[in-house]
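Fold and geometry: a report
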Amino acid sequence: MAVHQVKDLSLFAQEIRYYTLKQFVTMGFGHYGGSLSVVETLAVLYGKHLNSTPENKTDPERDYFVLSKGHAGPALYATLFLRGFIAKEWLQTLNQNNTRLPSHPDRNLTPGVDMTTGSLGQGISAATGIALGNRLARRDNWTYVIVGDGELNEGQVWEAVQMASHNKLDHLMVFVDDNKMQLDGPTKDISEPHDYVEKFKSFGCYSKRVDGKSTEAIDQAIEWGKKNKGKPTVIVLDTIKGQGVHVIEAMSNNHHLRPDEETTKKIMRECEALGERIGVST
Ligand SMILES: Cc1ncc(C[n+]2csc(CCOP(=O)(O)OP(=O)(O)O)c2C)c(N)n1
Ligand SMILES: [Mg+2]
């Protein structure tokens with residue numbers, strides 16, 4: 001069964017952004033920066049490409065999605081709500097006792113979550129295993145995975161990519177959220193990343209860099225990746241940490257925020273203005 005496509009992917013991204021912000025404001029703290037930078041990619045995957053729906057979510061023939069940078073969980077939850085996997089009320093319970101929405105995704109708690117993540121490096125390894133399992137079962141479904149640029153410091157990521165390319169996993173598509181920042185500063189100051197595209201190509205993958213702020217560019221890159229044969233595809237996304245929210249983009253470190261009253265007001269104002277522009281509220 002094909003997924004019902006969302007007509008306007010950039011509008012869908014803004015809806016995801018709105019409900020991501022709402023969760024953080026309710027909770028009072030969280031991984032704002034890295035959640036906001038994956039919103040456009042989630043919109044294109046869940047709005048168009050990912051064949052995973054509330055009806056087929058346990059069908060082994062469906063597509064799989066792994067959020068390897070699990071700290072962006074709230075953006076995934078906003079997406080799962082908008083695609084009908086979870087109830088809206090759940091969004092108000094983020095990370096609270098007995099919640100079905102822990103800050104990092106848990107496949108045993110949340111419908112639509114295919115892999116438990118949060119320990120960086122492990123999600124992409126799991127995704128590679130899922131893609132290999134599907135290959136061995138002679139299925140042609142897709143496995144998509146998002147990793148962070150800082151996450152690439154984990155050696156395990158490169159073991160996974162090498163194994164994926166050795167096994168010619170051409171139904172594995174990896175997205176690198178190149179927002180240029182990690183927990184404690186700019187990625188290039190912590191461990192010089194060199195040219196990601198060249199690195200992934202040298203590991204035996206197809207790779208290209210695209211504008212991760214543009215749903216159109218991401219969509220075109222996925223269409224390109226789907227035609228690739230014999231190797232995994234790695235799409236490097238040029239993004240901004242805190243993407244799409246001025247007050248957060250402007251901060252020098254927005255990895256994990258517990259904003260004071262003043263800043264919370266500013267974030268809420270921006271969130272409400274966004275809601276008005278796109279016609280959603282509460
Ligand atoms: C194995 C492991 N080490 C450390 C952490 C703590 N941690 C959470 S997010 C993060 C920074 C990751 O940077 P990046 O992948 O660039 O994330 P983004 O910029 O997308 O938020 C770190 C070190 C973790 N979750 N897992
Ligand atoms: Mg980063």
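Please read all numbers here as calculations on a predicted model, not as lab measurements.

Here is what the cut-offs are and how they apply
- Residues numbered from 1 in each chain as written.
- Chains lettered and ligands numbered in written order.
- Predicted model: local features only at pLDDT ≥ 70, side-chain atom pairs only at ≥ 80, totals over all residues.
- Heavy atoms only, no water.
- Buried < 20%, exposed > 50% of the residue type's maximum accessible area, 1.4 Å probe, protein only.
- Helix = DSSP H or I, 4+ residues; strand = E, 2+ residues; numbered from the N terminus.
- Pairing = 2+ DSSP bridges.
- Near = heavy atom within 4 Å.
- Polar contact = N/O pair within 3.5 Å; in protein donor to acceptor, adjacent residues only side chain to side chain.
- Nonpolar A, V, L, I, M, F, W, Y, C, P; charged D, E, K, R; others polar.
- Salt bridge = Lys/Arg side-chain N within 4 Å of Asp/Glu carboxyl O.
- Donors = N, O, S within 2.8 Å, 3.2 Å for Na, K, Ca; no water.
- Right-handed = clockwise from strand over helix to strand, strands pointing away.
- Phe/Tyr/Trp six-rings, centres within 6.5 Å; stacked < 30°, edge-to-face > 60°.

Glancing now at the pairing of strand 1 (residues 64-67). Along any regular strand, the residues point their side chains to alternate faces of the sheet. Residues Tyr64 and Val66 point to one face of strand 1 and Phe65 and Leu67 to the other, with burial holding for every one of them. In terms of strand pairing, strand 1 meets strand 2 (residues 143-148) through 4 bridges, oriented parallel. Bridge pairing links Phe65 to Tyr144 in strand 2.

Not every one of the 18 residues close to ligand 1 is listed here, only the nearest: Lys69, His71, Gly118, Asp149 and Lys241. In this structure, Gly118 approaches ligand 1 through a main-chain N or O atom, which is 2.7 Å from a nitrogen atom. Here Met181 contributes a backbone N or O atom positioned 2.8 Å from an oxygen atom of ligand 1. Considered class by class, the residues forming the shell around ligand 1 number 3 nonpolar, 9 polar and 6 charged.

Taken as a whole, this structure holds 12 salt bridges when the rule is applied. Across the pair Lys48 and Asp219 runs a salt bridge whose closest N-O atoms are separated by 3.0 Å. On the criterion of sequence distance, the pair formed by Lys48 in helix 3 (residues 39-49) and Asp219 in helix 9 (residues 215-227) is long-range, its members being 171 residues apart. Judged by relative accessible area, which is 15%, Asp219 ranks as buried. We note a salt bridge from Arg135 to Asp170, for which the minimum N-O separation is 3.9 Å. Residue Arg135 is located in helix 5 (residues 122-136), and its partner Asp170 is located in the loop between helix 6 (155-166) and strand 3 (172-178); the two are separated by 35 residues in the primary sequence.

This brings us to the coordination of the magnesium ion (ligand 2). Distances from the magnesium ion (ligand 2) to its protein donors, Asp149 (OD), Asn179 (OD1) and Met181 (O), fall at 2.0 to 2.1 Å. Linear spacing of the donor residues for the magnesium ion (ligand 2) on their chain is D-x29-N-x1-M. Taken together, the residues Asp149 in the loop between strand 2 and helix 6 and Asn179 in the loop between strand 3 and strand 4 (181-182) connect sequence positions 30 residues apart. With a relative accessible area of 2%, Asp149 lands in the buried category.

The element strand 7 (residues 233-238) is largely enclosed, with a buried count of 5 among its 6 residues. As judged from the 6 bridges shared by strand 3 and strand 7, these two strands associate in the parallel manner. Within strand 7, the residue paired with Phe175 across the bridge is Ile235. Where strand 6 (residues 206-211) lies against strand 7, 6 bridges are found, and the strand directions are parallel. Paired with Lys208 across the two strands is Ile235, which belongs to strand 7. One crossover worth recording links strand 6 to the parallel strand 7 by way of helix 9, and it is right-handed.

What follows covers the packing of aromatic side chains. If you walk through the whole model with that rule in mind, you get 10 aromatic pairs. Ring geometry for Tyr18 versus Tyr19: centroids 5.0 Å apart, planes at 90°, classification edge-to-face. Comparing Tyr18 with Tyr19, the two get one shared label, buried. Ring geometry for Tyr46 against Phe65: centres 5.7 Å apart, planes inclined by 80°, an arrangement best described as edge-to-face.

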